[in-house]
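# Chain and residue survey
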Amino acid sequence: MLAYTLTRLVYLALVLAVMSVLVFLVTQAMPGDVASMIAGQFASKEVVDAIAVKLGLDQPLIVQYGRWAAGILRGDLGRSLVLEQPIAPILMEALGRSLVLAVVALAVVAVVGIALGVLAAVRRGKLTDQLVSGVSYLGIAVPDFFWAIVLVLVFGSYLKLLPTGGYAPIADGFLPWASHLVLPVVTLVLMLLARIARLTRSSMIDVLQTNYVKFARAKGMPESVVILRHALKNALLPTITVLAIDFGLILGGVVVIETIFSYPGMGRLLLFAIQRHDLPLIQATILIVSAAYCLANLTADLLYAFVNPKIRHGMRAS
Amino acid sequence: MMTAPQARPAASPAVAGASAPEPAPLLAPLPAPLLDVRGLTISYGNARGTLRAASDVGFAIRPGEVMGLVGESGSGKSTIAMAILDLLGGGGRVESGEILFDGTDLRKLPASERRALRGDRIAAVFQDPFTSLNPALTVGRQIAEPLIRHKGLSPRQAAVRVEELLAEVGIRDPRRVAAAYPHELSGGMQQRALIATALGCEPKLLILDEPTTALDVTVEARIIELLAKLCDSHKLSALFVSHNLGIVNRICQTVTVLYGGVVVETGATGRVLSRPAHPYSKGLVAALPRITADRRHRLPSIPGTVAKLSGPPAACVFAPRCPFADETCRSRPQAMLTDGDGDGVRCWKADALSGTPWPDEAAAPPRRPPTGTAAETRSAPLVEVDHLRKIYGASRSILPWLRRAGTVAVEDVSFTIGRGEVVGVVGESGSGKSTIGRALLALTEPSAGTVLFDGADLTQQVKRGDQTLRRRAQLVFQNSAASLNPRKTVGAAMDRPLVLAGREDAEERRRTVAGLLTRVGLPAAYADRYPHELSGGERQRVNIARALATDPDFVVCDEAVSALDVSVQANILNLLAELRDEMGLSYLFITHDIAVVSHIADRVLVVYGGTICEEGPIGRVLRPPYHPYTEALLSAVPRLAEDRKEAPRILLEDAAAAPGGRGCAFAARCPRKLGTVCDEQAPPVHETADGHRIACHIPLATLAERAAVFPELAGDAPH
Amino acid sequence: MTDATPARQAPSRGLLARLPALPVSLVIGVLLLAPLAVAAVAGSWLAPYPYDEMNIMSRLQPPGADFWFGTDEFGRDVFSRTLVGTGSSLVMGVAATALSLLAGVPLGLVAGYKGGRAGEAIMRAMDVLMSFPPILLGILVLAVTPPAQWKAIVAIGIVYVPQVVRLTRAITLELMQEEFITAARLRGESAAYILFHEILPNIWPPLAVEASLRVVFAILLGASLSFIGMGAQPPSSDWGLMISEARPFVEQAPWIALCPGFALATAVIGINLLGDGLRSLLDPRNTGAH
């Protein structure tokens, strides 16, 4: 297990390094030149060049990358051109808010999705099964932003039950904070529920046909024990992996969701940065979101290894 | 460790043949059966039709009695076991009948009461220990579950009892095993854990569904001894489902033979196996390869394929394959004829046939010895294997904790195969026998050493892209289904080798394919069929035909008959023997079944842990002096003879082989280990005669002192 | 447990003989998709109005006899726009999926069949691509140059390449263990023959199922990209773009969003059912093979 963790950590570092190069190169290729943006529309060429020299933009790409990467390692993500302030504090605040959204949504998806999946598997072919499939189909049938619009329309505009956008810090009290989360979370959950429910259902059905489940029944174990103790533990293994992938979908999905619900997180920050061609901000946001995603994947793999005794007890992970 | 032989008293006295029934004992009536199955009919149904898995099945098991339920695949034996446990899955349904357990009809009980009986009064052990234990729970917890559930023990009390149970099934460090996860245990240990689970609540009836089929012979021998001992000491009754007549002979007092979901014969084990009354039983017993048989004979075989019913039988189920069948057999179903001793046979001709054996094909021409004399064979071998070594999974990573030395599969193996010679390779799982076969065919590259085929290095030729030599060496697989591309017709699969051989005329190729199919005993029209439209035996014939299409000199048969039912296995063995004689083929015959090898091989290699422990002509290897492993292997082979019911004289430990060490690979399990010399030094090779070699530290003279495992072979002159 | 194998029915040859046994989900899926396919091909002929015809006089009209599904803020007919937008929305999904298959299948085959350094390099590159959350990778690719629909298709295609590669490789590795591949090697087949004649025919059924689900994801991702202004560009009537443009008016005129939303849902459900149907149709257990 320790060797496995170490290997994964080394690997993560490598992936992040390659990723940072990619992000750097792609953003370099973007239209818009930092120096002329700083100098403003009407600056002369000399002024622009002077700013470029000052920022080191005349140096070879590799040197620029080195300086950028070194800054990141020190926790310095650079300065936003548009906001004209250091990126790190803005980004961390936005990331925190997005993570709250993502983690709450993921927790709801995991609990509800697994429960529905198990229910459908146990009642396979019966009405419950059909209902679960039907409901989960609805969730993935239209894009998340469509659900977002419908939810805003119903709960915000017509029923006036919930705020349709914005954010309230938890310092303002739990209820305002939570009420702002409800609609975005429900939207994210609708998008992801189907996959988790269907995956859990199919792996549960597979596990219920294994010999060890048959043997548990031959021991006279009641169905509740067979399902919860014998089957579920094994059926959850693939679900864990997909939940990690879903975490990435949520982190990506927040770009759209946050825009619709005017939620001040990473997604909105990124879109803002792209629209305003704020190169340092784009670089930093994409890198940090992707790093968070990688960490989520790593956590899932370690969790998988921990739940699976074959890996936990010293067997090779590949 | 040696276990004292357990002589099992037969519950019912040995009876004479069914033709001459003795008067039933009047004063001592037999005790009421513990399990009494009557008129059990089970079907499986889906959208595409129904299948009758069991038709009007009846049998009884008395207290303290072990009954064998035998049959080939598709006979319905496992289905019946599952029906008793109320665990029929996949659309299975009990149509009618009674399952009386201790006088109560289980079918009339509500599901909750049947569940309460399961694991408590009726316990089960299934075929595959590797999949019967939950990988996510510790072994101890899984054994404790029924104790807590049925006996109301606290988890702490249960843990104590678990260790007692593990000790009782012969596990030496119960505490460690209880805390282990299933994948940390060997197959034999896992099966012991399952048996401990079944015993936990002191059940009255055990349902044993092929409990040793997935295990190696030497492990199987130990598990059977354990089961026999436990049934005896706990006064257990058991239903023993098996396809293996030898195992049934060792543990069961009575036996019920199933064919196509119908009981065709029932009676005392000794009587049924030595004097079978039903033609199917006769065929089954006759077709079983025996070490004691004269290997120059063809094996008697049962033609045709296993019957499958979709409704009540309209005629004798076995009639289409029965050599004694006549119009009456084909026009009306058979009734069970019983006598006072509980013997029964479902054949109206049984009495008339009582003295008639299954037709023997002894008239077939005896097999010719390999072409040329033994001296010639040795001077120009077809295959030369020199110091072959194969290591899997070695890894040179930059991360120090990922570097691995790898697992040794084959450790320094050298042998030759002469032209027209059949060399058998016998060993258990992990012995490296399949790796040797793959290396000979250049399917895996040796880590060290060379393999020469007809004087050339096949691996190098294949690497250079030269495939001509390789086509002369072919393979027949174990799994007849997996070795044929499911999306290609039989004809298309056989056509490719001919195309590759440069045969351009399509019409001529078609004729060749038809000829090959006819040669292996299939209709030429099978060229248009898809693999899934054939039976297992037919697919294996196609595999052989395909291997022959390249006109090879040498064929590796890797467990080629292991997956087949006994009746089909005999057919395929006979076919392979014929082809060898007609086409002068050489075989490397890889198998775990030494009886099969004795029927077809000229010479045998006994392999253990990647090394050859003994090699020589089959007649020498089957007689003393033996390598200790060969001796254990031979004594573990279950036999049919009525008087050979005692336990094997050598029982091996469960420990796994540890190849790649300095000493003898067998040292860890060897019952005759001398001491540290076995662990630390490679054993010297003793040579007796005819190229018979034994690699062992024990002096040859000492090895020769052992009595023969098969005294009946003693008279024959060594080949 | 061959004991439980039901009696094999007479083998049916040809699709016609199997028709009655077609899975229900496949039939419903095809029925849902058929009108969409017609709209995709002939949308502009069928539409009652040109999709981009503005009419200031009839802005934000509710559904009625003249405008079946109302009009948008420029007075354009929502129904006509949705109809014409079918092509754009479906093409985005199908083309992107085709692209990812085109790039992913060969890479997966090489990684699975050859293994070694080449295979290792391919898989590590895929790992890096997969380390980006999907939509971010799309944005990263798209942010380089001014947005255009074909770029969105390429971006979505790239996003899904790693998953296609992984699946292809996994199936290839599994098949490589199959004995019929060993048999092909033994009779001296070339690597190309084994790849194209032995492996590929066994790969396409699971790939077809996967592709059908990929199309769904690609359509949704495409709609999302259009929604944030990085996919189809105005005045296109791509469904995602239409919903995006409808957002400010959703309280006054919800129909502008509902019509394309409904069309999107029909497409997604249809393709999902088609995929499910394909899965059970191509499952060897349902065709009698064991």
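Below or above, wherever it landed, is the structure these notes cover. Everything quoted here is computed from the prediction, not taken from an experiment.

Criteria and thresholds
Residues numbered from 1 in each chain as written. Chains lettered and ligands numbered in written order. Predicted model: local features only at pLDDT ≥ 70, side-chain atom pairs only at ≥ 80, totals over all residues. Heavy atoms only, no water. Patch = residues over 30% accessible without salt bridge, like charges linked within 9 Å, V, L, I, M, F, W, Y side chains within 5 Å. Areas by Shrake-Rupley, 256 points an atom, 1.4 Å probe, with all protein chains shown as cover. Salt bridge = Lys/Arg side-chain N within 4 Å of Asp/Glu carboxyl O. Helix = DSSP H or I, 4+ residues; strand = E, 2+ residues; numbered from the N terminus. Buried < 20%, exposed > 50% of the residue type's maximum accessible area, 1.4 Å probe, protein only. Phe/Tyr/Trp six-rings, centres within 6.5 Å; stacked < 30°, edge-to-face > 60°. Lys NZ or Arg CZ within 6 Å of the ring centre and 35° of its normal. Pairing = 2+ DSSP bridges. Contact = heavy atoms within 4.5 Å. Buried area = accessible area lost by both parts, 1.4 Å probe. Polar contact = N/O pair within 3.5 Å; in protein donor to acceptor, adjacent residues only side chain to side chain.

### So, a nonpolar patch on the surface
All names here are of chain A.
- Residues Val104, Val108, Val111 and Val112 make up a contiguous nonpolar surface patch of roughly 270 Å² in combined accessible area.
- Checked against the element boundaries, Val111 lands in helix 5 (residues 87–122).
- Classification of Val111 as exposed rests on a relative accessible area of 60%.

### A closer look at the packing of aromatic side chains
- In the structure shown here, the tally under the stated rule is 16 aromatic pairs over all chains.
- Measuring from ring centre to ring centre gives 6.1 Å for A:Tyr65 and A:Trp68, while their planes differ by 55°; the resulting arrangement is tilted. Taken together, the residues span about one helical turn, with A:Tyr65 and A:Trp68 both in helix 4 (residues 61–73) at a distance of three residues.
- The class of A:Trp68 is buried, set by a relative accessible area of 12%.
- Taking 6.3 Å as the distance between ring centres and 40° as the angle between the ring planes, the aromatic pair formed by B:Phe318 and B:Trp358 counts as tilted. One end of the pair, B:Phe318, is in the loop between helix 11 (279–287) and helix 12 (327–331); the other, B:Trp358, is in the loop between strand 12 (344–345) and helix 13 (374–379), with 40 residues separating them in the sequence. Taken individually, B:Phe318 and B:Trp358 each receive the classification buried, so the pair is uniform in this respect.
- Three or more aromatic residues joined by ring pairs form one cluster here, namely B:Tyr259, B:Tyr280, B:Phe318, B:Phe324 and B:Trp358.
- Here the guanidinium or amino end of B:Arg332 rests over the ring plane of B:Trp348, the centre of that ring lying 5.5 Å away.
- Its guanidinium or amino end placed over the ring of B:Tyr526, B:Arg529 lies 4.4 Å from that ring's centre, counting from NZ or CZ.

### Quick word on the pairing of strand 15 (residues 422–426) of chain B
All names here are of chain B.
- Taken across its five residues, strand 15 has five buried, putting it largely inside the fold.
- Burial along strand 15 is two-sided: Val422, Gly424 and Val426 facing one way and Val423 and Val425 facing the other are all buried.
- Across five bridges, the pairing between strand 15 and strand 20 (residues 586–591) is parallel. Its bridge partner being in strand 20, Val425 is matched across the sheet by Ile590.
- Pairing of strand 15 with strand 21 (residues 603–608) involves four bridges; the strand directions are parallel. The partner of Val425 across the bridge, within strand 21, is Leu605.

### With respect to the interface of chain C and chain A
- Listed per partner, the contact involves 38 residues of chain C and 40 residues of chain A.
- For the pairing of chain C and chain A, the buried interface totals around 3,500 Å² over both sides, and the portion due to carbon and sulfur atoms is 79%.
- Here A:Arg198 and C:Asp276 are joined by a salt bridge, their closest N and O atoms 3.1 Å apart.
- Linking chain C with chain A are three residue pairs in polar contact (both at pLDDT 80 or more), by the criterion used here.

### Details of the environment of B:Pro110
All names here are of chain B.
- Relative to the assigned elements, Pro110 resides in the loop between strand 5 (104–105) and helix 2 (111–117).
- According to the relative accessible area criterion, Pro110 is partly exposed, its value standing at 40%.
- Residues Pro110 and Lys235, spaced 125 residues apart in sequence, show a C-alpha to C-alpha distance of 28 Å.

Purely geometric stuff here, so don't read any function into it on its own.
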